[in-house]
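Architecture and fold: a report
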Amino acid sequence: MQQFVHDKVNYTKPEHHMSFNCEGPANALALNKDATMCVVAGRTVFRIVGIEDHGFVDRINLRVGKINLNYCAADVAWNHHDENILASAATNGSVVIWNLNKPNRSKQECVLTDHKRTVNRVIFHKADASILLSGSQDGTMKLFDIRKHAVSLTFTGKMSESVRDIQFCPHIGSGYFMFAAAYDNGNIQLWDMRRQDRCIKQFPAHTGPAFSLDWHPEEKDWLATAGRDKMIKVWDTTQNPERMIKSVQTIASVARVKWRPQRKLHLASASLLLDHHVNVWALGRPYIPFATFDGHKDVVSSIVWLDTHIFFTCGKDGYLVQHSFKDAKRPADSVIPSGVDMDLFGHVSHAFGERTGFKKASQAGRSFLFFSKAPDKGDLFTESRSDMYVHTTKHNLTLPFEGFIESAKRYKLSNSSFDALCDHNADVARRLNRPKVSSCWSVLHVLFCNKHLSHSITSRTNSVAPNDKQDNNKGTGKSQLNSTQDMNKVNVKDSTSDDSDGESSELDNKLLVDSGLLYQQADFFFGDGETDGLDYDNPTSSFDMLTKVDDDLLDYKLPYEAIQVRHELKTVSPEDLEAGHQTLVGEQKHNNMTDNQISPSEPEDENIISIPSKLDIPRISQPQIVVDMLKTFAQQGDIQSTVSMLIVLGDKIRQYIDEEVQEAWFQSYIEILGYYELWTVSAEIIKLCHIGQVSSLNQQSTTIHTYCSQCSRQILGKVGWLCEKCKSVTNSCSICHLPVRHMYIWCQGCCHGGHIDHIKDWFAVNNECPTGCGHMCQYT
Amino acid sequence: MVSVLNTIDTAHEDMVHDAQLDYYGTKLATCSSDRSIKVFDVRNGQQTLISDLTGHEGPVWQLAWAHPMFGSTLASCGYDRKVIIWKETNGTWAKLYEYSNHDSSVNSVAFAPHEFGLLLACGSSDGTISILSSTGDGTWDSKKINNAHSIGCNAVSWAPAVTPNALFDTGNRPPTVKRIVSGGCDNLVKIWREEDGQWIEEQKLEGHSDWVRDVAWAPSIGLPKSIIATCSQDCRVIIWTNDGTSNTWSSKVLQKFNDVVWHVSWSITGNILAVSGGDNKVSLWKESTEGQWVCISDVNKGQGQISEGQRTLQ
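For every chain, the first residue of its written sequence is number 1, and the numbers climb from 1 along that sequence. Ligands are numbered from 1 and chains lettered from A, in the order in which they are written. Selection of residues for local features in this predicted model requires a pLDDT of at least 70, selection of side-chain atom pairs for listing and counting requires 80 or more, and totals for whole chains, interfaces and linings are taken over all residues. The side-chain numbers reported here are obtained from all heavy atoms of the structure, hydrogens and water having been left aside.

Here is the rule: UniProt positions are given in the numbering used here, feature names are shortened, and annotations may be inferred rather than shown by experiment.
As annotated in an unreviewed UniProt entry, chain B is Protein SEC13 homolog from Patella caerulea. In its Sequence similarities (unreviewed entry) section, the UniProt entry covering chain B states "Belongs to the WD repeat SEC13 family."

Chain A has the name GATOR2 complex protein WDR24 in an unreviewed UniProt entry, where Patella caerulea is given as its organism. According to the UniProt record, the Sequence similarities (unreviewed entry) comment for chain A is "Belongs to the WD repeat WDR24 family."

Details of the overall build of chain B
Applied cut-off: Secondary structure follows DSSP: runs of H or I at least 4 residues long count as helices, runs of E at least 2 residues long count as strands, and numbering of each begins at the N terminus. What makes two residues a contact is simply this: any of their non-hydrogen atoms within 4.5 Å.
Counting secondary structure elements, chain B contains 2 helices and 25 strands. Considering only contacts within chain B whose residues lie at least 6 apart along the sequence, 43% involve residues at least 24 apart.

Focus on the sheet that holds strand 19 (residues 222-227) of chain A
Residues and elements named next belong to chain A. Our working definition: Between any two strands, at least two bridges found by DSSP are needed for them to pair. Every axis corresponds to a line fitted to the C-alpha atoms, with the helix fit spanning only the stretch in contact, and the corresponding angles, defined between N-to-C directions, vary from 0 to 180 degrees.
The strand order 18-19-20-21 describes an open sheet built from 4 strands, whose pairing is antiparallel. Strands at the two margins of the open sheet, each flanked by one partner only, are strand 18 (210-215) and strand 21 (243-249). Averaged over all neighbouring strand pairs, the angle between strand axes comes to 20 degrees, with direction disregarded. Here strand 20 (residues 231-236) runs beside strand 21; their pairing, made up of 6 bridges, is antiparallel. Residue pairing in the sheet places K233 in a bridge with S247 of strand 21.

Structural notes on unusual backbone geometry
Short version of the rule: When a residue's accessible area, from a 1.4 Å probe over protein chains only, is under 20% of the maximum for its type it is buried; when over 50% it is exposed; and in between it is partly exposed.
Unusually for a residue other than glycine, Q262(A) sits at a positive phi of about 65 degrees. With respect to the secondary-structure elements, Q262(A) resides in the loop between strand 22 (254-259) and strand 23 (266-271). Its identity as a non-glycine residue notwithstanding, A11(B) has a phi of 60 degrees, on the positive side. For A11(B), a relative accessible area of 47% corresponds to the partly exposed category.

Notes on the side chain of Q167(A)
Residues and elements named next belong to chain A. Rule in force here: Polar contact is defined as a pair of N or O atoms within 3.5 Å, subject to the rule that within protein one atom must be able to donate a hydrogen and the other to accept it, and that residues adjacent in sequence are counted only when both atoms are side-chain atoms.
Looking at where Q167 falls in the secondary structure, it is placed in strand 14 (residues 163-168). According to the relative accessible area criterion, Q167 is buried, its value standing at 16%. A distance of 2.9 Å separates polar atoms of two side chains, one belonging to Q167 and the other to D214. There is a polar contact of 2.6 Å between the side chain of Q167 and the backbone nitrogen of W215.

Observations concerning the packing of aromatic side chains
Residue and element names in this part refer to chain A. As a reminder of what qualifies: Geometry of aromatic contacts follows a simple scheme: Phe, Tyr and Trp rings, the Trp one being its six-membered ring, pair when their centres are within 6.5 Å, and the pair is stacked under 30 degrees between planes, edge-to-face over 60, tilted otherwise.
Across all of its chains, the model carries 30 aromatic pairs over all chains by this definition. On the numbers, 5.7 Å between centres and 65 degrees between planes, the contact of Y71 with W98 is edge-to-face. With Y71 in the loop between strand 5 (56-61) and strand 6 (73-78) and W98 in strand 8 (residues 95-99), this pair connects stretches of sequence that are 27 residues apart. The pair formed by Y71 and W98 is uniform in burial state, with each residue classed as buried. Each ring, one from W222 and one from W259, has its centre 6.3 Å from the other, and the planes form 40 degrees; the classification is tilted.

Some details on the sheet that holds strand 19 (residues 226-232) of chain B
Within a sheet, adjacent strands bond to each other through the backbone by hydrogen bonds, running parallel or antiparallel. Residues and elements named next belong to chain B. If you walk across this open sheet you meet the 4 strands as 18-19-20-21, and the pairing is antiparallel. Of all strands in the sheet, those bounded by a partner on one side alone are strand 18 (212-217) and strand 21 (250-256). Within this sheet the neighbouring strands show an average axis-to-axis angle of 20 degrees, counted without direction. Across 6 bridges, strand 20 (residues 236-242) lies against strand 21 in antiparallel orientation. Bridging across to strand 21, T241 finds its partner in S250.

Some details on the UniProt feature "repeat: WD" (unreviewed entry) in chain A
Residue and element names in this part refer to chain A. Those residues carrying the UniProt feature "repeat: WD" (unreviewed entry) are residues 112-154 and 203-245 in this numbering. The span residues 112-154 is 0% helix and 56% strand, and its two end C-alpha atoms sit 13 Å from each other. In this annotation, residues 203-245 is assigned 0% helix and 53% strand; the end-to-end C-alpha distance for the span is 14 Å.

Details of the UniProt feature "repeat: WD" (unreviewed entry) in chain B
Residue and element names in this part refer to chain B. Cross-referencing UniProt, the feature "repeat: WD" (unreviewed entry) maps to residues 9-50, 53-87, 99-131 and 205-240 in the present numbering. Annotated as 0% helix and 54% strand, the span residues 53-87 places its first and last C-alpha atoms 11 Å apart. Taken end to end, residues 99-131 is 0% helix and 48% strand, and its first and last C-alpha atoms sit 11 Å apart.

Thoughts on the packing of helix 4 (residues 418-431) of chain A against helix 5 (residues 435-448) of chain A
Angle between the axes and distance between the axes: these two values describe a pair of packed helices. Residue and element names in this part refer to chain A. Formally: By the definition adopted for this analysis, an angle is roughly parallel if under 35 degrees, roughly antiparallel if over 145, roughly perpendicular if from 65 to 115, and oblique otherwise. By convention, the crossing between two helices is left-handed when the near helix turns anticlockwise from the far helix through less than a right angle, and right-handed when the turn is clockwise. All amino acids are sorted into three groups, where Ala, Val, Leu, Ile, Met, Phe, Trp, Tyr, Cys and Pro are nonpolar, Asp, Glu, Lys and Arg are charged, and the leftover types, Gly among them, are polar.
Interhelical geometry of helix 4 versus helix 5 gives an angle of 165 degrees and a closest axis separation of 7 Å. Taken together, helix 4 and helix 5 sit at an angle that is classed as roughly antiparallel. Judged by the sense of rotation from one axis to the other, the crossing of helix 4 with helix 5 is left-handed. Facing helix 4, whose interface residues are F418, D419, C422, D423, N425, A426, A429 and R430, helix 5 presents V437, S438, W441, S442, L444, H445 and F448. Broken down by class, the residue content of the contact of helix 4 with helix 5 amounts to 8 nonpolar, 4 polar and 3 charged.

So, the pairing of strand 19 of chain B
Residue and element names in this part refer to chain B. Judged by how many residues are buried, strand 19 sits mostly within the fold: 7 of 7 residues are covered. A two-sided burial pattern is seen for strand 19, the buried positions comprising S226, I228, T230 and S232 on one face and I227, A229 and C231 on the other. Both strand 18 and strand 19 contribute to a ladder of 5 bridges, which runs antiparallel. The residue bridging W217 from the neighbouring strand is I228, located in strand 19. A loop of 3 residues connects strand 19 with strand 20, the two strands running antiparallel in sequence, and C235 in this loop sits at a positive phi of about 70 degrees.

Next up, the structure:
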């Protein structure tokens, strides 16, 4: 299923995670030559532990006899020539040589007290095992000859910075005399043993202290350094100035860094704080650890590699742990390689990464079988790039993104008769290629049409029928046009000119515009946008106009006629109807609604149409069906249709739906309109909503804060024209200095203004502010 | 029909882990293993790099945009155990807040519905979920759900702010309950509810047989019904539904995919689910009127991926 670069190796002997409690925080760890024993040293720990196949075995506790500060070790080193010689760096500045051959209980051979402060590191020379080098907090490094038990050389840099880490160059040929030192100020120095007065080279490597360095075991010029700045850096020391080959940023200050043997680009790091893991990094992908190892409960203080796949660590939690690559966690394996998001318009952005080294890994695996020299698998763990695409789902009719904005803008929800609104919206939906929604609008029309019932309904259904058929024939272009015309014809013939078909009925449009104006005026007078009040007001003022037009436009009075309908609605009992027909209609409608497919093609549809022509149509055919329909739309995510229909239906359906559900619908529609930045539509919806919680939204954040133009303080007093601070009238004219009673015009830059006429006159000639404040006001 | 509109050169130096569009779909934020977050302006089909946010010290796993009423605010989380909240003021992005109280990698961030204020949930590999809330005066409060998922929490998502059981509560309006769904390495999906300032486990959904990689609570549909989509390394996407009347959740497996499913994401309108899997494909799903989930769209294979030949050239 998934393949990753795992650097797996067939283990020859059973290696497993082993740990040993040293009973005290450990600072350092060193292996003997054969890796059969290790020494763990710390503030309260100094013991030798045997390494067996099955686990660690406690061997010798060196912390015996009279305990003094010499036993508090900051570092420890094991001589790789003489198995019995150990050296430790004590926190009091002594360097202690231990001889395990000593017959006494105490194995201390000698104590060298040449350093003045804590010794941070002691190391033996790889080739000449009698050379011991120490680096101390006092800024000096001392070379001891352990045979003489005396300091032979002292290296003192010009700086008095503390030495944090030192290491001999492992390359005997060119680097026999060379060692590197890391300083508290972040500098790295390269020294030649033969020259004690000054270093060969120095370069700043870190901001803040450099805590650790490690020479690459094979690439003889490579030096890895690490510091408090959370960085691990790899340097090519031959270049001048030193070239940083690679850097790794970790999540915490790095206390130790160690190259992994036989893996050119791998190194292990331990943190000074926070992170208790050992991370192995592949320089090819410096962002995420190649492997992480847990097992410590506190930070790891020292790392020693046994071979490519096994290493030992000791930590502040007092544990000595053997880690095996078998147990490694691979953070890169569990990362999510892709991201996906969908926007409002149905665009899908998708980023996905290449599966890390997938192909290369399999090839490498094969070559591994045939060639004796294994390829450097670390190279396979490389940076992984991601590709990113934006997909569009345009022209996908099954998606509702299309048409949402247009519908929102073009739907008419008020200021016209119910019939007209339904027709208009059905038409809008049809034009936007949403036949289902369109049919539903038409059906609503049929269901709730309440005027000259028997006559109107028959004609209406006739007008719907051909239209739907056309739609069903996937009418594009012409056929749609035909159907509209068809509809118009029918409508006109049946004396319903209120289909609001845009171009075809200018008269109607004009009316709508006019009434819209009136509506707004009414709104202004009545405040609070109470539609009911308006509707009463509206016809009285616009009645003349209405009567002039056409008597069918008397439909327009419907908003308040609708109230009567509700009463009728209660009185109309199903018994009035033929039970059989009623259920037939009900079932069909119900099926259609739930399927959300008012599929006009079904022959039953003809029945629906034919029924009312014979029947005295029920004025309300089971509001429950409509409620179900609205809910179905909501459930399918088409909250727009739900809310629009709800508004248009108004009192006809409101009572059948729980108010909180309605409120939730309104809220989510308003929110979605917000997504599309359709503020005008949103405001209209809010205004048309009968639910107090929603309609009060328009009253939020309507306060305008004013500031005094003299002292620039906010006017908090009871009156808006007097500043309480400076006791001046805020709205005086800058030209005539009299208070402005009507239109006050002011510059938003300098807050000065006045009578509109005065200001106009002033700026006809001048550019600057009339008060002389120097502002170049830009009245235009 | 899905076609590639454009490709975006993110210029990230390593794998991109998340890409999120803001509320209005005008800004795209991407985050990567290379520790950086990039914000692009994606209006008019163009993409221009607005900002390159650096501040994380490890790979950045996930991003979340806050509601625009809080300004241009972005939250990010990463391997460095940090959650960083970024804010744009006058065109420049800066750190608004940094939360570093997790003990392991933070895998997921999600902003709560805006009704609850500036509130953020973060799921971490240390098994906890933390809830960060802005007090409004620049300081932040944090609450923690300890041991939310053993081994680690991979994803969090907020329930929309709707009144519970709206249909059946005719009396006093109950306060809107805050709920979170989370998915973790214990193969479980859990639903959490805030009660008296404490987060309690309300529901444990068992159904996946491997790590749950992403969870997504569908936006409000104006009904008391709740829908959650979860995806897992067991290659399945499960749709969990609750009718709002009881405490039981029914599950339906969308499909068993051929590879790990990394992400599930709901559209704002229309309840369309985008699923992104290990095969680098995105598919869009919608519930049919019969209650079946059908794939309505699939990334066109020829256009959606780089061919092998191109890849080797790179």
